[in-house]
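# Examination of the molecular architecture
For reference, the chains in residue letters:
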Amino acid sequence: MKKMKFLVFGLLCMVTILSCTKNFDEINTDQNGFLASEVSAKFFLTDTQYKLYSPDRFPYWRAHLIHADRFAGHFTFGFSGCWWADDLGYTYNAGYTDAAYGWLAGYLGNIKGFTDFVKEGGELENEYMYAMALIIKGLYYQMYTETFGMVPYTEAGVEGILTPSYDTQQTVYKGVIAELDEAMTIIGSAERTGVGVNDAAENDVYCGGDLQKWKRLANTLKLRIGMRALGAPGDDFAASAISQALGAPLLDDTTGSVVMNKDFVISQWAAAAYGDVWYNFGTGSDWTVSSALVNMLQDNNDPRLGAYVQPAKGGVFTFSNNPDTPDPNYQERLDFIVAALDGAGAEYTLTTAGGETTIEMPAGQYVGQPSRINGDTYPYVRYELFSTPSEQVIQAKGAQVDAYPEIILTSAEAYFLQAEAVLRGLEGATGDPQELFALGIKEAMRLWDVPDGDADTYIATEAAADISVGTLDEKLEKIAHQRWLMSYTDGFEAWAVVRDTGYPAELAAGVSDQTIFALGTLNGAYPQRLRYGSGAQDNPNFSAVAPAQGPDMQGTTLWFAQ
């Protein structure tokens, strides 16, 4: 027994010694840091990407919902019970504009921080992630300059320059195209950013680490910028940029679109979505869908209608002119509401008796609300009469189900731009414009899970999907309408489409009837830009902007739209 005890004790000692030797390297390694093999720039990539399209809730409210989404003509406020009349945004408010400007003007710091990590000589040098950074910068600057106009570009972020000069939109566009070309050259035929920890993979929330898709994204962005600049005063680069882009791979039906799925982990205070606003503040913060959008979808039997919009709740609505505080425009405003129902093809019953008018409208109908309703008409605009965004759009993040993705750049737009280039007879443009147009429509509908069969039926039967007949202007109008419809929930791009093309014409024309509409700061004209936010004037170079661009007003037309 004594010998057995000594044997067991000896074995235990041997195991302990071997165990200590085995773990010696681990014990003598700093466990509070990271090994070189564990560090990668990809861990900084996601943050740089998602905040450009899903910023925190403060700018999401103010830059998107109050300004871009409504200038785009997709969403409306101003129903009875809403916190605001629909002049919000159209009437200049420094606080709301400052929020939009602060977010966009400050975003360059996010991009520069990542770029400095991955550039040649950077702490986490990676040439392919550097190419990604250049493309993200291009996406950012396109949005930034098309929102405000002249912005710091050539001197922005340059070490030692604290007050960079403001560059013209032409200069910004040309610079972005040059950097997109640089990025595409760097990528070449490469497919991934590296191996192991250096493969961007799922940390790349745009393209999943697929460098060839990044290359197509860059080229499609180049085509978009070229087409937007085409014909602007003094344009000396658009035609060549378009020709080059058309000669290289673009996003298509094999690659699909570049979109960013909603995040269910990051707090809404750091990565917002429409549902965060919709479900957290009550009906007063809700918004409805515009008559321009609903009527265009409905009038053309567009299968996206149910994906974009929920039917109105309907009900029984009573209107009367209070004798104590009579509205001299009561009948005109009531007639306006009835006309909106008629414009949507709604079924309803209208009865008038005893000084009261009652509208009874069954549920389940799609009815859009007219835009830019003023405060005096507001009480007539009953919430349940009008459609709201679909549940896919306003899906609460915490529900952990699929919501619509944030649009970065679509394969649909690539096809629409190619169709337009062919129609215009631009150098390098080839193919059948109707076939390209049809492909664009199918790709746009796939974003919203519309079955291909439904898309095919729409293309085969609806005039809105046919550009084989008509004048050039009529064909270009149809393309503009499809680009505008495709950009639903991407208000910045939809707003740019209206300013650039003039379509939909009812939006671009603005409003004039001050009995019904809020004319706002621009006396009814369509907004062309946002004013610079507070702080822009602190840069002494800001004084050069107005002489070159025009006054710092919402109505100043930007270079690309002139």
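Along each chain, numbering runs from 1 in the same order as the chain's sequence is written. Reporting of local features is limited, given that this is a predicted model, to residues whose pLDDT is at least 70; pairs of side-chain atoms are given and counted only at 80 or more, and all residues count toward the totals for whole chains, interfaces and linings. Excluded from the side-chain calculations are hydrogens and water; all other atoms, namely the structure's heavy atoms, are used.

## With respect to the overall build of the protein
Quick note on the threshold: Each helix is a run of H or I in the DSSP string that is no shorter than four residues. Each strand is a run of E no shorter than two, and both are numbered from the N terminus. When a residue's accessible area, from a 1.4 Å probe over protein chains only, is under 20% of the maximum for its type it is buried; when over 50% it is exposed; and in between it is partly exposed. By definition in these notes, contact holds between two residues if any of their heavy atoms fall within 4.5 Å. The accessible surface values rely on the Shrake-Rupley method and a 1.4 Å probe; as for residues, cover is taken only from the protein chains in view. In this charge count, Lys and Arg are treated as positive and Asp and Glu as negative; neither His nor the chain ends contribute. Here the site of a charge means NZ on Lys, CZ on Arg, CG on Asp, or CD on Glu.
A tally of helices and strands in the protein yields 20 helices and 11 strands. Expressed along its principal axes, the backbone C-alpha trace of the protein runs to roughly 110 × 70 × 55 Å. Looking at the 562 residues of the protein, the share that counts as buried comes to 55%. Within the protein, residue pairs in contact and separated by at least 24 positions form 73% of the contacts whose partners lie at least 6 positions apart. For the protein, the accessible surface area stands at approximately 23500 Å², while carbon and sulfur atoms represent 53% of it. Here the protein carries 36 positive and 71 negative side-chain charges, and the mean point of each set is 8 Å from the other.

## Overview of the packing of aromatic side chains
Ring pairs (aromatic) are described by centroid distance and by the angle formed between their planes. For clarity, the threshold we go by: Stacked, tilted and edge-to-face are the three classes applied to pairs of Phe, Tyr and Trp rings, where Trp contributes its six-membered ring and a pair requires centres within 6.5 Å; stacked means planes under 30 degrees apart, edge-to-face means over 60, and tilted covers the rest. Sitting over a ring, as applied to charges here, requires NZ of Lys or CZ of Arg to be within 6 Å of the ring centre and within 35 degrees of the ring normal.
Under the counting rule described, the total for this entry stands at 42 aromatic pairs. Every member of this aromatic cluster is reached through a ring pair, and the members are Y101, Y107, Y140, Y141, Y144, F148, Y153, Y166, Y532 and F542. Over the face of the ring belonging to Y532 we find R529, whose NZ or CZ atom lies 4.8 Å from the ring centre. In this arrangement the basic side chain of R531 is found over the ring face of Y92, its NZ or CZ atom lying 3.8 Å from the centre.

## Considering the side chain of R62
Just so we agree on the cut-off: Throughout this description, the term salt bridge denotes a Lys or Arg side-chain nitrogen within 4 Å of a carboxyl oxygen of Asp or Glu. In protein, a polar contact means a hydrogen-donor-capable atom and an acceptor-capable atom, both N or O and within 3.5 Å, with residues adjacent in sequence counting only if both atoms are side-chain atoms; elsewhere, any N or O pair within 3.5 Å suffices.
For R62, the location among the structural elements is in helix α4 (residues 57–71). One buried charged residue, R62, remains without a salt bridge, the closest side chain of opposite sign being D56 at 7.5 Å. Only 3.1 Å separates the side chain of R62 from the backbone oxygen of F58, close enough to count as a polar contact. Sequence-distant contacts of R62, that is, excluding residues within four places in its chain, are made with H67, Y96 and A99.

## A few points about the environment of E384
Considering the arrangement of structural elements, one finds E384 in the loop between β9 (356–361) and β10 (388–389). Taking C-alpha positions, E384 is 33 Å from D98, a pair spaced 286 residues apart along the chain. Not counting the four nearest positions on each side in its chain, E384 is found in contact with A312, K313, G314, F317 and M361.

## Quick notes on the pattern of salt bridges
What the rule picks out here adds up to 24 salt bridges. Note that D116 is salt-bridged to K112, the shortest N-O span being 2.7 Å. Pair noted here: D116 and K112 are both in helix α5 (residues 94–118), with a separation of 4 residues, about one helical turn. The exposure class of D116 is partly exposed, given its relative accessible area of 28%. Ionic pairing is found between R529 and D552, a salt bridge with its closest N-O pair at 2.8 Å. Taken as a pair, R529 in the loop between α19 (505–508) and α20 (545–549) and D552 in the segment after α20 lie far apart in primary sequence, 23 residues in all. Here D552 falls in the buried class, since its relative accessible area comes to 19%. Salt bridges sharing partners connect three or more residues here, namely E146, R224, R228, E413, R483, E493 and D500.

## Focus: unusual backbone geometry
Backbone torsion omega between Y503 and P504 reads -5°, so that peptide bond is classified as cis. Mapping P504 onto the fold places it in the loop between α18 (491–501) and α19. The phi dihedral of R372 is positive, around 70°, even though this residue is not glycine. Counting through the fold element by element, R372 comes out in the loop between β9 and β10. On the accessibility criterion, R372 (4% relative accessible area) is buried.

## Points about the packing of helix α6 (residues 127–148) against α18
Basically, it comes down to this: Angles run from 0 to 180 degrees between N-to-C directions of axes, and those axes are lines fitted to C-alpha atoms, restricted for helices to the stretch in contact. In this scheme, roughly parallel covers angles under 35 degrees and roughly antiparallel covers those over 145, while 65 to 115 is roughly perpendicular and the rest are oblique. If you view the pair so one helix is near and one far, a crossing is left-handed when the near helix is turned anticlockwise from the far one by less than a right angle, and right-handed when it is turned clockwise. Charged means Asp, Glu, Lys or Arg here, nonpolar means Ala, Val, Leu, Ile, Met, Phe, Trp, Tyr, Cys or Pro, and polar covers whatever is left, Gly included.
Close contact between α6 and α18 brings their axes to 11 Å; oriented N to C, the two are set at 55°. One element, α6, and the other, α18, form an angle in the oblique class. Here α6 runs over α18; the crossing is left-handed. Contact residues: Q142, M143, E146 and T147 in α6; F492, E493, W495, A496 and R499 in α18. Split into classes, the residues belonging to the contact of α6 with α18 amount to 4 nonpolar, 2 polar and 3 charged.

## Overview of the packing of helix α14 (residues 411–424) against helix α15 (residues 433–446)
Their axes nearest at 7 Å, the elements α14 and α15 cross at an angle of 160°. Judged on the interaxial angle alone, α15 and α14 are roughly antiparallel. Viewed along their axes, α14 and α15 form a crossing whose handedness is left-handed. Between α14, through S411, A412, Y415, F416, Q418, A419, V422 and L423, and α15, the contact on the second element is made entirely by P433, L436, F437, L439, G440, I441, E443 and A444. A class-by-class count of the residues in the contact of α14 with α15 yields 12 nonpolar, 3 polar and 1 charged.

## Examining the nonpolar core
Our working rule: Here, nonpolar core refers to any group of buried Ala, Val, Leu, Ile, Met, Phe, Trp, Tyr and Cys residues whose side-chain atoms link them within 4.5 Å.
Core analysis: the biggest nonpolar cluster contains 167 residues, and Y141, Y206 and W484 have the highest contact counts within it. Apart from the residues within four sequence positions on either side, Y141 is in contact with L108, V151, P152, Y153, A156, V172 and V176. Among the nonpolar cores identified, the runner-up in size contains 10 residues, and L250, A414, A421 and L426 belong to it.

## Focus: the sheet that holds β9
Our working definition: We treat two strands as partners when DSSP finds at least two bridges between them.
With antiparallel pairing, 3 strands are arranged side by side in an open sheet as β7-β9-β8. Two strands close off the open sheet at either side, each with one partner strand: β7 (315–320) and β8 (349–353). Strand-to-strand twist of the sheet, defined as the mean angle between neighbouring strand axes without regard to direction, takes the value 20°. In this structure, β8 lies alongside β9, joined through 5 bridges in antiparallel fashion. Residue pairing in the sheet places L350 in a bridge with I359 of β9. Its contacts with the sheet put helix α13 (residues 330–343) on β7, β8 and β9, and the angle it makes with β9 is roughly 15°.

## Things to note about the side chain of Q365
Topologically, Q365 is positioned in the loop between β9 and β10. A polar atom in the side chain of Q365 sits 2.6 Å from the backbone nitrogen of E347. A distance of 3.2 Å separates a polar atom in the side chain of Q365 from the backbone oxygen of P362.

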